[in-house]
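Coordinate inspection notes
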Amino acid sequence: MKKCAFLRVYVVDDEPVIVKSVVAILRVNGFSASSFTNPLDALLRAQSDTPDLLISAVRMRQLSGIELAIRMKDLCPSCKILLFSGYGNSDLMLESAQSKGYGFDLLSKPICPQDLLDCVRGIEAERFLWMHAADSPQGAADPRRSREAFL
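The rules behind each value
- Residues numbered from 1 in each chain as written.
- Predicted model: local features only at pLDDT ≥ 70, side-chain atom pairs only at ≥ 80, totals over all residues.
- Heavy atoms only, no water.
- Helix = DSSP H or I, 4+ residues; strand = E, 2+ residues; numbered from the N terminus.
- Buried < 20%, exposed > 50% of the residue type's maximum accessible area, 1.4 Å probe, protein only.
- Contact = heavy atoms within 4.5 Å.
- Areas by Shrake-Rupley, 256 points an atom, 1.4 Å probe, with all protein chains shown as cover.
- Core = buried A, V, L, I, M, F, W, Y, C linked by side-chain atoms within 4.5 Å.
- Pairing = 2+ DSSP bridges.
- Axes fitted to C-alpha atoms, helices over the stretch in contact; angles between N-to-C directions.
- pLDDT = per-residue confidence, 0-100.

1. Notes on the overall build of the protein
When its secondary structure is counted, the protein shows 6 helices and 5 strands. Taking all 151 residues of the protein together, the buried fraction comes to 40%. Here the analysis covers contacts within the protein between residues at least 6 apart in sequence; of these, 67% occur between residues at least 24 apart. Working note: accessible area of the protein is about 8300 Å², and carbon and sulfur atoms make up 53% of it.

2. Concerning the nonpolar core
L26, I55 and M72 are the most contacted members of the largest nonpolar core, which has 41 residues in total. Put simply, the parts of the chain that give this core at least two residues each are β1 (8-12), α1 (16-28), β2 (32-36), α2 (39-46), β3 (53-57), α3 (65-75), β4 (80-85) and α5 (113-135). Ranked by the residues each element gives to this core, the list is headed by α3, at 5 residues. Discounting residues that sit within four places of it in the chain, I55 has contacts with V9, Y10, V11, V12, L26, L82, F84, L116 and V120.

3. Describing the sheet that holds β3
Sheet architecture is open: 5 strands sit in the order β2-β1-β3-β4-β5, paired in parallel fashion. In this open sheet, the two edge strands, each paired with only one partner strand, are β2 and β5 (105-108). Put simply, the sheet's adjacent strands are angled 20° from each other on average, direction ignored. By the bridge criterion, 4 bridges tie β4 to β5 in an arrangement that is parallel. Looking at β5, one finds that S85 is bridged to S108. Sheet strands touched by α1: β1, β2, β3 and β4. Its angle to β2, the strand with the most contacts, is close to 175°.

4. Notes on the pairing of β2
Here β1 pairs with β2 via 5 bridges, running parallel. The residue of β2 that forms the bridge with V11 is S35.

5. Focus: the environment of E67
Here E67 lies in helix α3. Classification of E67 as partly exposed rests on a relative accessible area of 29%. Measuring from C-alpha to C-alpha, the distance between E67 and A97 comes to 8.4 Å, with 30 residues separating the pair along the chain.

6. Describing the environment of V17
By the element assignment, V17 lies in helix α1. For the pair formed by V17 and T37, sequence separation is 20 residues and the distance between their alpha carbons is 9.7 Å.

7. Overview of the confidence of the model for the protein
Taken as a whole, the protein shows an average pLDDT of 83; of its residues, 79% reach a score of 70 or greater. When pLDDT is averaged over each element of the protein, α2 comes out on top at 98 and helix α6 (residues 137-141) at the bottom at 50. Confidence over residues 1-5 falls short of pLDDT 50; this stretch has 10 contacts with residues more than four positions distant or in other chains. The low-confidence segment residues 139-151, where pLDDT is below 50, has 18 contacts with residues more than four positions distant or belonging to other chains.

Next up, the structure:
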């Protein structure tokens, strides 16, 4: 049984087969997913169609996934970021982003579809809770339920 799409997900990798596979997994499980093989195209689209979640490879030719994630957060502050990589030095690149105040989650390649879905569903649940907390009089008054607590 498919559910109503809640998250608008952008999937970015310069390897088309990976993008198509990830998007297919997400769509079969009820998520709205758009594919991009050029990270600059994803940034351009985000200017008019803000994503809720960016899933991106770390290493790409046009722009690194970490640089894409930083630019996406600057453009769309509420967008969650999930990066994936098959390279061992991604942790060093993530540390560099963290030193600038950006924190991103990282999955290792090859990506297990269930691990990917678990991460996306967790992000979806956080967003759902945040949206419902904001609608509730108690949630709006509770600083622990602020928007930043879920970002």
